[in-house]
Amino acid sequence: MSASDLDPEVRRDLLTLDKANAEIVARHLVMVSQVLLDDPALALEHARAARARASRVGVVRETAGIAAYNAGEWQEAATELRAARRITGNPSLLPLIADCERGLGRPERAVEIARGDEGRALKGEDATEMRIVEAGARIDLGEPEKAIVTLQMENLKPGQVGTGPARLFYAYASALQAAGRREDAITWYMNAAAADVDDVTDAEFRLTELAHDDEQSEEESSADTGRGGVDEAAATGIPAPEDPATTTSPRAESETVPVQSKTSDVPAPAPAVPDAGAPEPNAPEPNASEPSAPESSVPESSAPETKAADAGAADTPETRSVAPEQDDERSQASYPEPAEPEAAEPEAAEPEAADESIAPLEGTADLSATSSYVEQDATDLIESADDLVAPPADAEPEKSATVPAAPARRNTFADRYDALLLDLDGTVFAGHQAIPNAKETLEGLDTARFFVTNNASRRPSEVAAHLRDLGFEASAEMVVTSAQTGARLLAEHLPAGSRALVVGTDGLAQEVREAGIAVTRSADDGPAAVIQGHSPDTGWAQLSEAALAIRAGALWVATNVDATLPSERGLLVGNGSMVAALRNATGKEPLVAGKPAAPLMADAIARAGGSAPLVVGDRLDTDIEGGHSVGIESVLVLTGVSTVTDLLAAPPEQRPTYVVDDLAGLFEDVDAVRVAPQPGWSVTVDGSTITVAGDGDEIGLVPALASATWKAIDNGTADPEELRIRAEGEARAKLASLGVAVVD
């Protein structure tokens, strides 16, 4: 097998990789398509192996998300699909992301996505998919009538045939059945069966089930006459929807609510690569570090579909969800390839069953020696918390024992990572003052460092000079700015010699010129693009020129969307607030260069040239989410914008791997500040009240608290908007010093 077998469109996405790596990634992608339906777990192994080698390639992240989706790993799927959507902008991934929220037992979030601006903007088949997801979520929430109304916005004209109408009719029948409208449901199951020429649903089976229920009802009618003597389950043919806060098993949902792709009734999305042929007889003998990828031909489509593209997945629960016992232990089932987290309790490691059943691929390196993201994904860390956190929703609050003392510290950040990608404002300095301990820490570290900033107001040489003035060692080559990345995006989207209107400083304008794009400050010059970066001089006149150009059809690039800018005086108005003004004035969305979007992070990784970079920053919504967008681990420092309170309520894509008070925490052992249960600290969860106690190492308090809180939120037992923290003694004093409101 070679990369030349891959569909040209998919192959183009791999051109950013070196030839040998692209060949291996392509073979893993082909394997995903070969085994996705028959062996979802193996498909996920291959998808993870591809992601480990090409985490910045959109089609790879998309494939990883779809493989995780089919394996029932909802949290991993959501993270990967969000990353793919940020990289590729593919709107068809939004219904899948919403459906992952259903799989995680959060149907209300699925509804929020569907009813949000982006969900409403979907067109055609994507819009239909989103309505099917929303209808399923409405049923999960016990609102079948709203599910019916949602689906009535689609074309429900009987007589249509094909996969799309069959799935729509089936979803509508399921909603009617959940609402107790049995006769109507039978009619629409019949419509679904007539439309289902490719057998993508089990409409005929549902009709048989309902007929069987009718026979049973007739036999029992002597005891109960009339509807009043029959319970709702018997009347509808399916159990009443359970409380979504306590029901998270996708398999359980598939038995009660046969609507949408996370259940067994909707076919799995097609993977990012096509069906493959048979392996060549003389395939090279693989090495033991990655799943084996036999040689094959490659299909044509490069982007996965969300519309029942593969009829073979229909009505096969195994292809869509995990058994209840597996779902309850999803944290143990996730990521079988990497090693167990080193920060976990000192218990015997689980056997690495995946390595025994999956043959390796020739020419691959040991994955544990590559990016630490591969060895242990952030979502794996979150889900690896044990019984110290979030009890089931129907359980009494547990009295959690203190975590046993950890073994001797094993490695430092310098041992584990070969490059630090450091944010500036709020991490290294605040305005004209260095952050406490920042200078001393960076002087004491031998690890390569690069300063990655969303602030586009100054050129790299100016940023380096400012750093040197504050006492830091810095050169222009060590600085990567959103202005540079924004100018690169312009050059990629515009012919050489095109003109761009610059809203920002002269430094930004110069970056644009050096990218081969002419500069103007007036919409009257007919610019082909607008690039907007932070400048303290931006006002009504500059924004109005930009608005005129954007309305005239100019490409709009924003260097960053940070709403605020840290300073020694506090938080000032950031470029994101100015971007919001233009968005409101034009109704358009910009192409974003800076964090959390992938372009700036990809440029920083390329500049660093290492195999295990680490993001270090103070903002969850830019720095940490930016790390997720390119698949690398991150450290949150509590010296800037994001607070501990923000951290505890963070969504999965904004959760860091580590948390430290300031940069001095980089001298600590990585496991001591990892978001995971920590020695000496016990955490008890009771609804949205999180209680922490103990006398462990102070640096482990916030990581332990975050680990427990995230687990509770993900399990649906805690509301991130209603969190209450209780603490006593040392824990209370520490949290109070970090600005956390502790209740009595």
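In the block above lies the structure referred to throughout.
First, a word on scope: everything that follows refers to the structure included in this document.

What counts and what doesn't
Residues numbered from 1 in each chain as written. Predicted model: local features only at pLDDT ≥ 70, side-chain atom pairs only at ≥ 80, totals over all residues. Heavy atoms only, no water. Core = buried A, V, L, I, M, F, W, Y, C linked by side-chain atoms within 4.5 Å. Buried < 20%, exposed > 50% of the residue type's maximum accessible area, 1.4 Å probe, protein only. Helix = DSSP H or I, 4+ residues; strand = E, 2+ residues; numbered from the N terminus. Contact = heavy atoms within 4.5 Å. Phe/Tyr/Trp six-rings, centres within 6.5 Å; stacked < 30°, edge-to-face > 60°. Pairing = 2+ DSSP bridges.

1. Things to note about the nonpolar core
Logical step 1: Core analysis: the largest hydrophobic core is formed by 35 residues, its most contacted members being Leu-81, Cys-100 and Met-130.
Logical step 2: Contributions of two or more residues to this core are made by α2 (19-35), α3 (40-53), α4 (58-70), α5 (74-88), α6 (93-103), α7 (107-115) and α9 (124-140).
Logical step 3: If one sorts the elements of this core by residue count, α6 sits on top with six residues.
Logical step 4: Apart from residues lying up to four places away in sequence, Met-130 is in contact with Leu-94, Pro-95, Ala-98, Ile-113, Ala-114, Gly-119 and Leu-122.

2. Describing the packing of aromatic side chains
Logical step 1: Summed over the entire model, instances satisfying the criterion amount to seven aromatic pairs.
Logical step 2: Ring centres of Phe-413 and Tyr-658 lie 4.9 Å apart, and the angle between their planes is 75 degrees; this geometry places the pair in the edge-to-face category. Remark: Tyr-658 occurs in strand β15 (residues 658-660) and Phe-413 occurs in helix α22 (residues 413-416); sequence separation between them is 245 residues. Exposure class is identical for Phe-413 and Tyr-658. Each is buried.
Logical step 3: Here the aromatic rings of Tyr-417 and Tyr-658 are separated by 6.2 Å at their centres, their planes lie at 85 degrees, and the arrangement is edge-to-face.

3. Describing the pairing of strand β17 (residues 689-694)
Logical step 1: With six bridges connecting them, strand β16 (residues 681-686) and β17 associate as antiparallel partners. Bridging across to β17, Asp-686 finds its partner in Thr-689.
Logical step 2: Linkage of β16 to β17, two consecutive antiparallel strands, is achieved through a turn of two residues, within which Gly-687 is found at a positive phi near 65 degrees.
Logical step 3: Where β17 lies against strand β18 (residues 724-727), four bridges are found, and the strand directions are parallel.

4. Details of unusual backbone geometry
Logical step 1: Going from Lys-595 to Pro-596, the amide bond is cis rather than trans, its omega being 10 degrees.
Logical step 2: Its location among the elements puts Pro-596 in the loop between β12 (591-592) and α29 (598-608).
Logical step 3: Located in the positive-phi region is Asn-437, a residue other than glycine, with phi close to 75 degrees.
Logical step 4: Within the secondary structure, Asn-437 is located in the loop between β3 (433-434) and α23 (438-444).

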